[in-house]
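# Report on the structure
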Amino acid sequence: ILIKGHAQNGFQANYDESKVPPYTLPDVLRTTGNVAVKSKAIWEKVRRPEIIKLFEENVYGQMPRSYGQLTYSIKNENAGAMGGKATLKEVLIEVVNNNKPVKINLVLFVPNKQKKPVPVFVLINNRGKNNTDPTRAEKSDFWPAEMVIDSGYAIAAFHVSDLAPDDTAKYVDGVLQLYPEQLTAKNGMRAIGAWAWGASRVLDYFEKDADIDAKKVVVVGHSRGGKASLWAAAEDQRFAICVTNCSGNTGAALSRRRFGETVGRINTVFPHWFTGHYKKFNNNEDSLPIDQHMLIAAIAPRPLYATNASKDLWADPKGTFLSLKNAEKVYALFGLKSNLNSDPPAINQPIINSQLGYHIREGEHNLTAFDWSNFIKFANAHLKK
Ligand code: GTR
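Summary of the structure given here.

Rules and cut-offs
Residues numbered from 1 in each chain as written. Predicted model: local features only at pLDDT ≥ 70, side-chain atom pairs only at ≥ 80, totals over all residues. Heavy atoms only, no water. Core = buried A, V, L, I, M, F, W, Y, C linked by side-chain atoms within 4.5 Å. Buried < 20%, exposed > 50% of the residue type's maximum accessible area, 1.4 Å probe, protein only. Helix = DSSP H or I, 4+ residues; strand = E, 2+ residues; numbered from the N terminus. Contact = heavy atoms within 4.5 Å. Salt bridge = Lys/Arg side-chain N within 4 Å of Asp/Glu carboxyl O. Pairing = 2+ DSSP bridges. Axes fitted to C-alpha atoms, helices over the stretch in contact; angles between N-to-C directions. Parallel < 35°, antiparallel > 145°, perpendicular 65-115°, else oblique. Left-handed = near helix turned anticlockwise from the far one by under 90°. Nonpolar A, V, L, I, M, F, W, Y, C, P; charged D, E, K, R; others polar. Right-handed = clockwise from strand over helix to strand, strands pointing away. 1 Å grid on protein atoms, 1.4 Å probe; cavity = no way out; pocket = protein on both sides within 12 Å on 5 of 7 lines; lining within 4 Å. Points joined across faces, edges and corners; volume = space filled by probe spheres on them. Expected span 1.5 Å × (residues − 1). Phe/Tyr/Trp six-rings, centres within 6.5 Å; stacked < 30°, edge-to-face > 60°. Lys NZ or Arg CZ within 6 Å of the ring centre and 35° of its normal. Near = heavy atom within 4 Å. Polar contact = N/O pair within 3.5 Å; in protein donor to acceptor, adjacent residues only side chain to side chain. Areas by Shrake-Rupley, 256 points an atom, 1.4 Å probe, with all protein chains shown as cover.

Residues L106, L108, W195, F206 and L304 are the most contacted members of the largest nonpolar core, which totals 90 residues. No other element matches helix α5 (residues 191-206), which puts eleven residues into this core. Discounting chain neighbours no more than four positions away, the residues touching L106 are K89, E90, V91, I93, A156, A157, F158, V202, Y205 and F206. Core analysis: the next-biggest nonpolar cluster, separate from the first, contains 30 residues, A86, V220, I241 and Y305 among them.

Below you can see the structure in the form of structure tokens.
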């Protein structure tokens, strides 16, 4: 089967459930020192930090802990945007380190009717910049800003190229200039790490914007952006909710299933996304010290919403659902229930009232108005209680 939109480069993907090899997931509730994790305290003090470290070391790379300076300026403000429904702010966020700047261009709409501060959705935009057109001359379901504003939320977006261009050679022209030691280190961050780091800098800005409730930031990403939204929420516990849309391999899907995209394929076609050490696991998934259910678990107890699309087997819908299922026991340590059944829900039947939410949408690999309408419902269910 050739899944549309994804060049196969001679790579043979498995789409046959009966050919998924037998595998054993690392136990999310057992420390590397072989101690069973039975309390929230041990989870938070020992196991969660251990898991974050394993992902840094083996998958996404180190996250720089500090930076020299963060400043911002409002480049454009329009209180009469969207026919008076919203205030547009175009914000330039600038971070300087090692005497080098990185500039993040944030587009932000804040609803005018709502009492401030308001919760916000922020999209890590990995597609065309026209998807987040501040003039609204162009509108796109990839970022349906009017719908989000009408629901009483602010909506923001930044483009990944501001942090690290999505290109095997040019990815170094961004954040990595600020942290040259990351580039030489085998466990240094690469493009996906840089995008996630950028999401945290946007959150730093939200903390300074009186219109925004920085304790209610929903980080959203699609596909490669969804890998970054997961990593951002895992690394930075200030994010209130994580949304990962069709994130697939090295996103929300289990690597050991080797269904659709695999670690070897992703590292070959996108060598600039993950840390150098990750290449050791090409065709060697069983020796990974983690699997992606542990990334979901690292986000606990915060609500997480994952999605797939029925025609996007490349992103392994079943493997995504199983990641969530295998993270449930960590949420349970916090006394939080997930209302996922043992099998994935039917197509277009979202599971919203659950700490771990999920839907599989009819259609192709994409981020659509249907997806967003459910992110809003999920945020309503979790942020308004
Ligand atoms: C594909 C890649 C996926 C996913 C996707 C996208 O080519 O194999 O991992 O990131 O691109 O971002 O749409």
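Next, the rest of the story.
Oppositely charged side chains are able to pair whenever their charged atoms sit close together. Across all of its chains, the model carries 24 salt bridges by this definition. E17 is the partner of K318 in a salt bridge, and the nearest nitrogen-oxygen pair spans 3.7 Å. With K318 in helix α9 (residues 317-333) and E17 in the segment before α1 (40-60), this pair connects stretches of sequence that are 301 residues apart. Taking relative accessible area as the criterion, E17 reaches 34% and is therefore assigned partly exposed.

The strands making up a sheet associate through hydrogen bonds between their backbones, and the pairing can be parallel or antiparallel. Spatial strand order, β1-β2-β3-β5-β4-β6-β7-β8-β9: nine strands in an open sheet with mixed pairing. At either end of the open sheet lies a strand with only one pairing partner, and these are β1 (69-81) and β9 (356-361). Averaged over all pairs of adjacent strands, the angle between their axes in this sheet comes to 20 degrees, without regard to strand direction. In this fold α5 packs onto β1, β2 (86-97), β3 (100-111), β4 (118-125), β5 (154-159) and β6 (212-222), with an angle of close to 60 degrees to the strand it touches most, β3. α9 rests against β8 (304-309) and β9 of the sheet, and its axis sits at about 170 degrees to β9.

Helix packing geometry: the angle between the two helix axes and the distance between the axes. Contact geometry of α5 with helix α6 (residues 224-235) gives a least axis separation of 8 Å together with a crossing angle of 60 degrees. It follows from the interaxial angle that α5 and α6 lie oblique. The element α5 and its partner α6 pack so that their crossing is right-handed. Along the contact surface, α5 presents I192, G193, W195, A196 and A199, while α6 presents R224, K227, A228, W231 and A232. Among the residues making up the contact of α5 with α6, the classes are represented as seven nonpolar, one polar and two charged.

This paragraph deals with the pairing of β9. With six of its six residues buried, β9 lies for the most part within the structure. In β9, alternate side chains face the same way, and those of L356, Y358 and I360 on one face and G357, H359 and R361 on the other are all buried. Note that the unit made of β8, α9 and β9 has a crossover that is right-handed.

Cis geometry is found at the peptide bond from K116 to P117, where omega equals -5 degrees. A cis amide bond links A300 to the next residue, P301, at an omega of 5 degrees. Mapped onto the fold, P301 is located in the loop between α8 (293-299) and β8. Phi angles above zero are rare outside glycine, and N34 is one such case at about 70 degrees. Note on N34: relative accessible area 54%, which makes it exposed.

Taken as a whole, the second largest pocket holds about 210 Å³ of empty space. Around the second largest pocket sit 15 residues that line it, and E90, N105, L106, V107 and T132 are the ones nearest its centre. When contributions to the lining of the second largest pocket are tallied by element, the ones reaching two or more residues are β2, β3 and β5. Residue composition of the lining of the second largest pocket, by class: seven nonpolar, four polar and four charged.

Quick look at α5 now. Side chains that are three or four residues apart share a direction in an α-helix, a result of its 3.6 residues per turn. Here α5 is 16 residues long and its end C-alpha atoms lie 23 Å apart, about the 22 Å a rise of 1.5 Å per residue gives. Counting buried positions along α5 yields 16 of 16 residues, so the element is predominantly enclosed.

For any two aromatic rings, the description comes down to two numbers: the centre-to-centre distance and the angle of the planes. The tally for this structure, following the rule as stated, stands at 19 aromatic pairs. Centre to centre, the rings of F121 and Y153 are 5.1 Å apart; their planes meet at 65 degrees, and the pair counts as edge-to-face. Pair noted here: F121 is in strand β4 and Y153 is in the loop between α2 (145-150) and β5, with a separation of 32 residues, a long-range link. A single burial state applies to F121 and to Y153, both of which are buried. Three or more aromatic residues joined by ring pairs form one cluster here, namely F55, Y60, W231, F270, W273, F274 and Y278. Lying over the aromatic face of W197, R201 brings its terminal NZ or CZ to 4.9 Å of the ring centre.

Below, the discussion takes up the site of the ligand. If you check the shell around the ligand, you find eleven residues, and the closest are S223, R224, K227, E261 and H365. Between the ligand and E261 there is a distance of 2.6 Å, counted from an oxygen atom to a side-chain nitrogen or oxygen. Considering the ligand on its own, with 320 Å² of exposed area, one finds that the protein chains cover 90% of that surface. Every element with two or more residues in the shell around the ligand is listed here: α6 and α7 (263-269).

The values are spatial; any link to function lies outside them.
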